[in-house]
Every structure is written in C-alpha cells, then in structure tokens.
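Architecture at a glance
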Amino acid sequence: MKSFSPYEYIGREEKGVVQDIDITGMKKVYDICEEVRIELRTHHGSIFSSSIISPRSREQVKLIIADFIKERPELHIPNVSLEKLIEVVQDEVVNLGPIQKALDDPRITNIDINGPRDIFVELDGEEVYLPDIESEAVFRDEEHLFNTIQKMLIPVGRSLSANDPVVDTLFDGFRVCATLKASRAGISTYSHTVSIRKFPEETITPDDLIRFGSINKEIKDFLQDAVLCSNIEIAGSTNSGKTSFLMTLPMYLAKNTRLITIEDSPEMMLRKRKAFKEYRNIIAFQCKHHEEKEKAYDIAKLTKVSLRKRPNYIIVGEVRDSAAASQTLEAMNTGHYAYFTVHASSAKEGAVRIVQLAGNNETVAAQVASTINLIIFQQKRRKSRIVTEIIELLDFEGAKRPIYKTLFKFVQTGVTDDGHVIGEHKRVNPISESLAEQMRNALIPEEHISQWMKVSNEKKGSAS
C-alpha cells in the first residue's frame, strides 16, 4: 500500500465520483486518527504495541480500525468513500514508513537511528547500514523522524518533549530508547535518535546454545548440576546475550521450582514464553518509578520483597547500582540462590565489579567470595555470541584481586566466510572441594561430582 499523509490533499475518481478531502476533511481525519489511537491504547494495548514489529498483529489492528470506523457514522466524511477513509487512517495509525520493513524483518534484532539518513541495523548478528540494503530506508528530514518517533511511542502514552527528552520504554517484544534533539531543548547534539531492540519471540534453550556454538554439551551437563546449588553471575558487555543466557538457567530446574524474577522493566517475561508454559510457580516483579523515593521500588527494594515470598531461586535481570548489589548479596547470604547479570569486560572484572558496586572494601569482597560461586562471561564476536569463560570464584586478596579457577574457556580457531566464529570450548580445571560439597548437599549423583573434580587428558590450569 502506498504510504502518504492524511493531512495532504487527496483526490481520486471512483465510479465517476471525484472524492476530495478539503481542509475540513483533513482536520476530521486527524481527529479520527486520534480517536482510533485512544481506542486502541485503551482496549487493545498489547496488540497495538506489538503491531509495530509484527505484521500479523498489524493486520489485526487494521481490522479493529475498520470495524471501529464502520460502526460510528459520526466519523464518516461526506464525499469520501468509507473504504478510502479506512485506508488512510490505517496507514497513518499503524505504519512507520522508512523503518517498517526493518521492524518486520525477524533477522534484524537491533535498529539504531542516528539521524534522518543514518540508520544502522544488526542483521543476522552483523552491523549493516540500512540504506545500503534498502535504498528507501531514510527519513525526509528531522521533522519526519520526530513525527515517526512520536507515532511509535503512542501505544504506551509517551512522547518526546523538552520536559521528557529521553524516553526509554518497553513494549511487548521490543524496547525503544529515544532522545530529543538539542535544538528542541533535548540532549542529542545533532539529531533526534532512536535505538530499538527486538527480543526474540522464541526463548533460547540450552540445546539452542549448543547449536549456536555459545556452549558445548559438556558445559550444558555441568550447568545441569551446578545451577541447582550455585549463585551465578553472568557478565558481559551490552548486546552480548547476557539476558538470553540468564533465561536458560531456570530450564535446568524442576518445573514446580518457585522462581521470582526482578527487572527494571519486564524483558524476561518467563510466564508468557512457550518454553516456560509448564513452569507455573513464577512471580515476576518490575521496578516502580516515583518522584518520591519512599514510594519508588527499585531492584534493591524488590529483592527485599522477594525474600518474603519463599523463593527457591531469585533471578535479577541486571545489577547496576550499589543498592541492588548489596541487596542481592544479602539475599544470597540468607540462603537463597540467585542468578543475575552485570556489565563487565571479563569474568575476573565481573567479580571486581560486584565488589565495587556493593561497597568496594575487603569486607564486601569477602562477602562476594563467600556467596558467588560461578561467573559466566559472555561475548559477542563478529556474528556469534559465545560463552568464552566460566570461572569459579574462590576468594579475594584485598578488594581488587579475585582468586578463581577457570573451569571452561573458549579457544577461537577462525571465522567462517559468513562471519561466525569457529572454536572449541575446553574444560581446564576441576571444581573446588567446596563446590563439590554444595553439589552433594543438593543430592547431585556422586559420579557426576567426580567427573567435575577431575580433568582427564587435558592440561590442567591453575587458580588466578
């Protein structure tokens, strides 16, 4: 369908009748679009927001729009066919112009708009300049980009403005972070910007991770035993796959295990995912932001609340500040197992980062060493997202030097023609007696524990 603005003059001849939208009609169309958006946001919010990236949802929204207009004669415009009116409103309400194809393409996971003509996407794991593969994927000017951003934010009732120059919001299936240009009293120096991150519809499983080369079968077998009785940190940079990996850990647990997830905004959404349809003992908490601090609920407060809900395992989307780090450590100290993610540049730095966040002193370091068992480091290399190291944290010297064993490491041997990394995961050290004892207490079979306490036919590493 040809894309055009309902605010432009539209003229067409059908069956000998010239159908024009005059000035009054243009205002009428604008008002109809506003009524339709209110209806969609109020009564069809989930499908309205998902229609931004889902062609199937978009077709459903179009049907809802058509029925809404047909059933309200007061919305009809004289001398304009109902079919034409519906087409114009549908186009204005649901289509996002130059980036719609990228939003619909399941191979594209990230879209970064740095300006009207500077649009980059992550296509099959590789950064691509969108106009190179889709010549029409540019905005006419800053105003066109600004209007598209505003339209994108309508389903959640948000908009960019001088009072709200940054909008970071989560939809059903994707996240949008938009910033306003400085010339409009915003923060972006040269242009309005948007970063869109699409979440995969299907949950990645441990077997998927093996298929993708993120881990091997031996790591999966190890995690099957270790996840039951360990506190686990997943470290890595932005877009390295930390959250996707985090979501695989509960799959190693029994289906009736009581899980509590804690996030700044709902990204994991385990209860909605097919892979967890038989996991019914799940509570999900999300942060509540409020101008008055005592009325706000951040990661730290939610972690404290979760302790009163009898959790077997607490899953924290991301630990990013001192309060969240301290409360997560407190939860682990009181006998609850926790899995969480942290931004860090290596597994070693993942240990240091938690100490820095929670207080950066020797007392905190000792607490970290006594509670966190495993740190899994995830990296994005070319088109691949790979677990490149798994360490067992043993102790700290002072507050800055973690003592640990590298249990698994990834050795890269090459890159395929299409940009995927080739290599091998190797087990290089046995687990400690302390972790072995935790496995025994969790009733892990002794033959499994014995397997992890030795490294056969491989060169043993050493504690760092």
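So, how was this worked out
- For every chain, the first residue of the written sequence is number 1, and numbering continues from 1 onward in sequence order.
- Owing to the predicted nature of the model, reporting of local features is limited to residues with pLDDT of at least 70; listing and counting of side-chain atom pairs is limited to 80 or more, with chain, interface and lining totals taken over all residues.
- In computing side-chain values, all of the structure's heavy atoms are included and hydrogens and water are not.
- In this text, helices come from DSSP runs of H or I with a minimum length of four residues, and strands from runs of E with a minimum of two, each type numbered from the N-terminal end.
- Only protein chains enter the area calculation, which uses a 1.4 Å probe; residues under 20% of their type maximum are buried, those over 50% are exposed, and those in between are partly exposed.
- Any pair of residues with heavy atoms lying within 4.5 Å of one another is described as a contacting pair.
- Here the accessible surface of atoms and residues is derived via Shrake-Rupley with a 1.4 Å probe, and residues count as covered only by protein chains that are part of the display.
- Positive charge is attributed to Lys and Arg, negative charge to Asp and Glu, and no charge count is given to His or to the chain ends.
- To locate a charge, the coordinates of NZ of Lys, CZ of Arg, CG of Asp or CD of Glu are taken.
- Polar contacts, as counted here, are pairs of nitrogen or oxygen atoms within 3.5 Å of one another; within protein the pair requires one atom able to donate a hydrogen and one able to accept it, and residues that are adjacent in sequence qualify only if both atoms are side-chain atoms.
- Orientation is described by axes fitted as lines to C-alpha atoms, over the contacting stretch for helices, and by angles from 0 to 180 degrees between their N-to-C directions.
- By definition in this entry, angles of less than 35 degrees are roughly parallel, angles greater than 145 are roughly antiparallel, angles of 65 to 115 are roughly perpendicular, and the rest are oblique.
- For this classification, the nonpolar set comprises Ala, Val, Leu, Ile, Met, Phe, Trp, Tyr, Cys and Pro, the charged set comprises Asp, Glu, Lys and Arg, and every other residue, Gly included, is treated as polar.
- Grid spacing is 1 Å over the protein atoms alone, the probe is 1.4 Å, and a cavity is where that probe fits but cannot get out, while a pocket is an open set with protein on both sides within 12 Å along at least five of seven lines and lining residues have an atom within 4 Å of a point.
- Grid points are joined across faces, edges and corners, and a volume is the space filled by probe spheres set on the points.
- pLDDT is a residue-level measure of predictor confidence that goes from 0 to 100.

Across its full length, the protein chain carries 16 helices and 17 strands. Overall, the protein chain is about 85 × 55 × 45 Å in size when its C-alpha atoms are taken along their principal axes. Within the protein chain, buried positions represent 52% of all 464 residues. Counting contacts in the protein chain only where the partners sit at least 6 residues apart, residues at least 24 apart contribute 58% of the total. Split by element, the accessible area of the protein chain, about 22,400 Å² in all, is 48% carbon and sulfur. Computing the positive centroid from 62 side-chain charges and the negative centroid from 67, the protein chain places the two 4 Å apart.

Moving on, we come to the environment of H192. Here H192 shows up in the loop between β7 (174-179) and β8 (193-198). For H192, a relative accessible area of 1% puts it in the buried group. Between the C-alpha atoms of H192 and T179, which are 13 residues apart in sequence, the distance is 5.7 Å. Beyond its immediate sequence surroundings of up to four residues, H192 is in contact with I113, N114, G115, E142, L145, F146, I149, T179, L180, K181 and R184. Only 3.0 Å separates the side chain of H192 from the backbone nitrogen of K181, close enough to count as a polar contact.

Here we come to the packing of helix α12 (residues 322-333) against helix α13 (residues 347-358). For the pair α12 and α13, interaxial distance at closest approach is 7 Å and the crossing angle is 105°. One element, α12, and the other, α13, form an angle in the roughly perpendicular class. Contacts from S322, A325, S326 and L329 in α12 reach I354, L357 and A358 in α13. For the contact of α12 with α13, the class distribution of residues is five nonpolar, two polar and no charged.

Turning our attention to empty space enclosed by the protein. Within the structure shown, the criterion is met by three cavities of 30 Å³ or more. Space inside the largest cavity adds up to approximately 50 Å³. Every residue along the wall of the largest cavity is listed here: F48, S51, I52, V93, V94, L96, K151, M152 and P155. Each residue belonging to the lining of the largest cavity can be placed in one class, and the counts come to seven nonpolar, one polar and one charged.

Once that is clear, we can look at the confidence of the model for the protein chain. Scored by pLDDT, the protein chain comes out at a mean of 90, with 92% of its residues at no less than 70. Every residue in residues 1-25 is under pLDDT 50, and counting partners more than four places away or in other chains gives 49 contacts.

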